[in-house]
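Secondary and tertiary structure notes
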Amino acid sequence: MCRKSRGRPSRKFVFAVFLLALSFVMIPMVLGSVYDGDDLFVHLGRIEGIKDGLLSGAFLVRINPFMLNSYGLAIPLGYPETFLYIPAVLRILGLSVETSYKLFLMICIAGTYWSAYFCGKKIGKSRYCGLVTAFIYTTSSYFLANLYVRAALGEIQAFVFIPLVVYGLYDFVWEDAAKWWYLAIGFAGLMLCHSITLVIAAILCTLLCLIYIKRIFFTRTHVFTLKKIRSLFYAVGTVALTTCFFWLPFLELITAHDLAFHHSWSHIEAKDPFLISRFTIGISVVILCVSLIFLRKKIKALWFFLIGGVFSLFFTTALMPWDLLRPYLNNIQFPWRFLSMATFFLAVAIALVLHTKYHRRQVRELALIGVIAVSLLGSYMYLSTYVSDRPLLNYTPEILHSSDSPINEWLPASISQELLKQEQTVISTDLSEEIAFVRDGVRLNFLWQDEKGHTCHVPLIYYKGYTAYLTDEKGQQHELPVLRGADALIELDMGGLPSGEVTVDYTGTTLQKVSLFISGSSLAVLAICACLFCRRKRRPHRCNW
């Protein structure tokens, strides 16, 4: 084994282990097509929607122009899509949707490994600790379930940021809270990739802070306590400002519309024990955790990670009083989503014990080989049981375009599902006239003649932010009131207007534009501060920021 003189893993060895983990996790993806996961059509439709929106000239796609037969779904306002611009740009460059999706998954897998390695290394102050943490975390059964069984693209992205959240929390509780930006980056990343994981992380972080509140605020000097409060303020402020371009429009969406999101469209409950479900912590993590009983060692922060892992697992079981919590946490949908946090907490705990217990190089090597073997065995068992027999992706653009996959929460509660199953190619009027239109994204153009009626029924779902205007023969523009029809689609009041060309487009709300300006300005200020900080604190060939 290639090692430096001090006994720690060399960079070449670290990279070799990374390639081993990456190769094993990607085997099903490389050897075959994309597996037809539970939510795959939803996420492919989101990617296609961003691509079509960008090609139509939208800078930030707020309404998906592709899904549900191009009726215009507000899924980007309710479900963060920031990082999905990567596969969308790949689509624009000419790659197929399947290839773009696979390349994005590979980026997420690599990001998950290096994020876990970096944070494990920082927590244990050792490359060895980082290696153990990253390998267990990246080859875990729940990560594989998200990749190949569920096709849960939001949670796959969240795996990249969970280690940063946990490391930031560890620094806040056990250290001097000087590295608040890790907590900020972690929570900001969760905000922009998977809101449900953000809520789960916030719940667990709050519980751990309450358990360790004495250590956080009452074990050192008054000045030290103020420093932690200041760091927490910096982290919360950074997340709030840099991500308000998403969460402010989201709040506007759910307050301005009666959506299925507000109604009981899901019913959270723990049906299966987490050890025998297809969504599981994994036999490898269980075996390694049991081994901790025989490797007892007093470690300062070990209980912090064990408590975090056990609490996360407890949330996945029927022991949790979900009947009482359902009114508040129902939108989490599935309790086993807590497994993502549990996996990293327990991976760090295992790594800390092995790192602290064994000091001899040969013993550490054997322990690492054991971790790799057990992790790969558990992954192989999961893949062979739940993935190998799954059907491969079989689709046409038409099927993807018209798919009625489970995305109903961002639809108006009163809209008819039957209405959305057939793409409309004409605009109807109150006099039963039919008018052809040209579509470019969610922008519709059609010619209007004043004798055709007083009201136009436009085949776009009504959301706040649509505008319409008529350009008459003299080139003058007349703003049109955009109304919500009885069928929850857009209606235009054309009474008293001359003939001309009508344009309907989603231009966004004032709040969306203001929030985007705030986020952009905040990012610019933070970038300047980061550069100044690095310049002041930098060391030769290295930056601590």
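My aim in this report is to walk through the structure given alongside it, one point at a time.

About the cut-offs
Residues numbered from 1 in each chain as written. Predicted model: local features only at pLDDT ≥ 70, side-chain atom pairs only at ≥ 80, totals over all residues. Heavy atoms only, no water. Phe/Tyr/Trp six-rings, centres within 6.5 Å; stacked < 30°, edge-to-face > 60°. Helix = DSSP H or I, 4+ residues; strand = E, 2+ residues; numbered from the N terminus. Buried < 20%, exposed > 50% of the residue type's maximum accessible area, 1.4 Å probe, protein only. Lys NZ or Arg CZ within 6 Å of the ring centre and 35° of its normal. Pairing = 2+ DSSP bridges. Axes fitted to C-alpha atoms, helices over the stretch in contact; angles between N-to-C directions. Polar contact = N/O pair within 3.5 Å; in protein donor to acceptor, adjacent residues only side chain to side chain.

**Details of the packing of aromatic side chains**
Across all of its chains, the model carries 32 aromatic pairs by this definition. Pairing Phe261 with Trp410 gives two aromatic rings, centres 5.0 Å apart and planes at 15°, and the pair type is stacked. Taken together, the residues span a long stretch of sequence, with Phe261 in the loop between α14 (244–256) and α15 (283–291) and Trp410 in the loop between α20 (397–402) and β1 (426–429) at a distance of 149 residues. We note that Phe261, like Trp410, is buried. An aromatic cluster of at least three residues, connected via ring pairs, comprises Phe118, Tyr167, Trp180, Trp181, Tyr182, Phe233 and Tyr234. Here Arg46 stacks its cationic end above the ring of Tyr79, 4.0 Å away from the centre of that ring.

**Overview of the sheet that holds strand β6 (residues 466–472)**
Across the sheet, five strands lie side by side as β3-β4-β10-β6-β7; this open sheet has antiparallel pairing. Looking at which strands have only one partner, the edges of the open sheet turn out to be β3 (438–440) and β7 (477–480). If you compare each strand with its neighbour and ignore which way they point, the axes differ by 20° on average. When β6 meets strand β10 (residues 500–506), the two strands line up antiparallel, connected through seven bridges.

**A look at the side chain of Thr317**
Tracing the backbone through its elements, the reader meets Thr317 in the loop between α16 (302–315) and α17 (322–329). Here the side chain of Thr317 touches Phe314 through a polar contact of 2.9 Å, landing on its backbone oxygen.

**Let's talk about the sheet that holds strand β5 (residues 455–461)**
As summarised here, the arrangement of the five strands in space is β2-β1-β5-β9-β8, forming an open sheet in which the pairing is antiparallel. Two strands in the sheet have a free side with no partner beyond their single neighbour: β2 (434–436) and β8 (482–484). Between one strand and the next, the sheet's axes are offset by a mean angle of 35°, whatever the strand orientation. Strand direction decides the pairing type here: β8 and strand β9 (residues 489–493), joined by three bridges, are antiparallel. Bridge assignment links Val482 to a residue of β9, and that residue is Leu492.

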